[in-house]
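So you can see what is in the structure, the chains are spelled out below.
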Amino acid sequence: MVGAGLAGALLATLLAQRGWSVDVYEKRGDLRELGYERGRSINLALAERGRHALRQADADDAVMAKTVMMRGRMVHFADGHLDLQRYGRDDSEVIWSVHRGELNEVLLNIAEQAGARIHFHHRLDSVDFDARIARFGDDRNDTVREIHFETLVGADGAGSSLRQAMAGVCELDERSEFLGHSYKELEIPPGPDGGFQIEPHALHIWPRGRYMCIALPNDEGTFTVTLFLPNHAVPDDGSGNQRPHPAPGFDTITNGAQARAFFDRDFPDASKLIPALEHDFDHNPTGVLGTLYLDRWHLDHRAVLIGDAAHAMVPFHGQGMNCAFEDCVALAHHLLQTTDRNEAFAGFQAERLPNARAIQQMALENYLEMRDHVDDEDYLLQRELGNRLAERHPTRFLPRYSMVTFTHMPYAIALERGDIQRQLLVELTHDRTTLDGFDWDAADALVEARLPPLPENI
Ligand SMILES: Cc1cc2nc3c(=O)[nH]c(=O)nc-3n(C[C@H](O)[C@H](O)[C@H](O)COP(=O)(O)OP(=O)(O)OC[C@H]3O[C@@H](n4cnc5c(N)ncnc54)[C@H](O)[C@@H]3O)c2cc1C
């Protein structure tokens, strides 16, 4: 396997626990000795799909010990008031914030305990698929090691070297669509008593139309704040009714001092809590965001891609890792069904590719919801009606966020049912500002006509 990140470490565990001999080659050094090297986001939201996969590897308890529960979105409105929008019905329907480095550390330990061998400082550089030789470079001394392989699994992330090597010998139909928005991470430190400075059990959002900030808690009392902004500012068109509103961009906010002035204006409550904002803004990298589409994830029986290497997505549904973990369980399952690896990889791709496409689309749609809709009155009314219909029809109507976050229902089905539900909510709230005098009988009839019962065991 190439890559001992989140998916690589979990798949190594699942395969080693099922009797496979697994070698994992990771370009970085061992983060358990060197500490976490900043790269992708600092912390992540773990949801039921990811936990379900962790349970298959007996890794859930160890991971959960490092998490902070998030019950809902704490929306910080522009006028300063706060509103906690719960994600689910109760504390059985929540998501969990976990530090990427701590999570990776736990998974590396578990993979090694299961018998996987992890080779650090091995960066895949090139592959000869005919001779079955993979060449790995070591950054420390510029040496190259050749490894004979039977099958390569690419868990080497969005910039996958294995994908690049496969594209040299077969057509993957690769397309990347960049979002045109990027992100920057900042930090809210613990308060003077060492505790959290804002509500810890929530994912905080400051929605501002075309841009937003979010903050996720870390178990040591800090919050990682992520600012999402367009790459290029959107000027005011002078109409006075532009929606979403004009926005600054990473081309107009280029240094820490400008970032502080912007935060003081648009996120004043957050600004007060980020003492090192100027430093963080100047020194932390600006991350780009995009979606990677491939029509093919495997090269016959010789190589297969999983996780971000196959289907990187924008982070607005908090599902990239959760989806990658589901891939691991699916691939391990297909590999156990047949000794023909081509057949196993084809089966894996047939099962997972449509679902990856579905969550990629929902993740893009969720950016609009988070930055522009959570403080919008039509959205809030539809949300209220959705919750009421879910109470009245628990076997048919489940908010899309819940289907994605609290169930194992294939993403493609969640997308399809979610579209039907959204259409219903739009129709039923048309020309309304409240649910007073609402015709529940007509709504019930529509739900029953359009939404078949939810599948069992979701
Ligand atoms: C800002 C942001 C926020 C996010 N938030 C969430 C969230 O809340 N919830 C969620 O589920 N997902 C989230 N994601 C998505 C999540 O980070 C990814 O989906 C997840 O990391 C994918 O795991 P992976 O193992 O496929 O890739 P990675 O985690 O990227 O791991 C790839 C590994 O391969 C190694 N590697 C790379 N190239 C080579 C090479 N040539 N040779 C050897 N090793 C190599 C890397 O060093 C790394 O260890 C977020 C992403 C971003 C950018």
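Our structure is the block above this text.
Notes on the structure follow. Quantities reported herein were computed from a predicted structural model and do not represent experimental measurements.

1. Structural notes on the overall build of the protein
Tallying secondary structure elements over the protein gives 16 helices and 18 strands in all. For the protein, whose C-alpha radius of gyration is 23 Å, the value lies close to the compact-globule estimate of 23 Å for 458 residues. Counting only C-alpha atoms, the protein reaches 70 × 55 × 45 Å along its principal axes. Residue burial in the protein is summarised as follows: out of 458 residues, 55% are buried. For the protein, long-range pairs separated by at least 24 residues make up 69% of all intrachain contacts whose partners lie at least 6 apart in sequence.

2. Brief notes about the site of the ligand
Near the ligand you find 31 residues, and of these E26, A45, R100, S161 and D308 are the closest. The side chain of E26 places a nitrogen or oxygen atom 2.6 Å from an oxygen atom of the ligand. Between R100 and the ligand, the recorded distance is 2.6 Å, taken from a side-chain N or O atom to an oxygen atom. Relative to its free-state accessible area of 1000 Å², the ligand is covered by the protein chains to the extent of 92%. Those elements that place two or more of their residues in the shell around the ligand are helix 1 (6-17), strand 2 (43-46), strand 8 (123-128) and helix 11 (320-337). In terms of residue count, helix 11 provides more of the shell around the ligand than any other element does, three residues in total.

3. As for the sheet that holds strand 2
Taken together, the three strands give an open sheet; going across it, the order is 2-6-3, and neighbouring strands pair in antiparallel fashion. Pairing within the sheet leaves two strands with one partner each, and these edge strands are strand 2 and strand 3 (68-70). Here the average twist between neighbouring strands, direction ignored, is 35°. Sheet topology places strand 3 next to strand 6 (residues 95-99); three bridges connect them, and they run antiparallel. When the sheet's bridge partners are listed, M70 is paired in strand 6 with I95.

What counts as what
Residues numbered from 1 in each chain as written. Predicted model: local features only at pLDDT ≥ 70, side-chain atom pairs only at ≥ 80, totals over all residues. Heavy atoms only, no water. Helix = DSSP H or I, 4+ residues; strand = E, 2+ residues; numbered from the N terminus. Rg over C-alpha atoms; globule rule 2.2 N^0.38 Å. Buried < 20%, exposed > 50% of the residue type's maximum accessible area, 1.4 Å probe, protein only. Contact = heavy atoms within 4.5 Å. Near = heavy atom within 4 Å. Polar contact = N/O pair within 3.5 Å; in protein donor to acceptor, adjacent residues only side chain to side chain. Areas by Shrake-Rupley, 256 points an atom, 1.4 Å probe, with all protein chains shown as cover. Pairing = 2+ DSSP bridges. Axes fitted to C-alpha atoms, helices over the stretch in contact; angles between N-to-C directions.

All we've got here are geometric facts, nothing functional implied.
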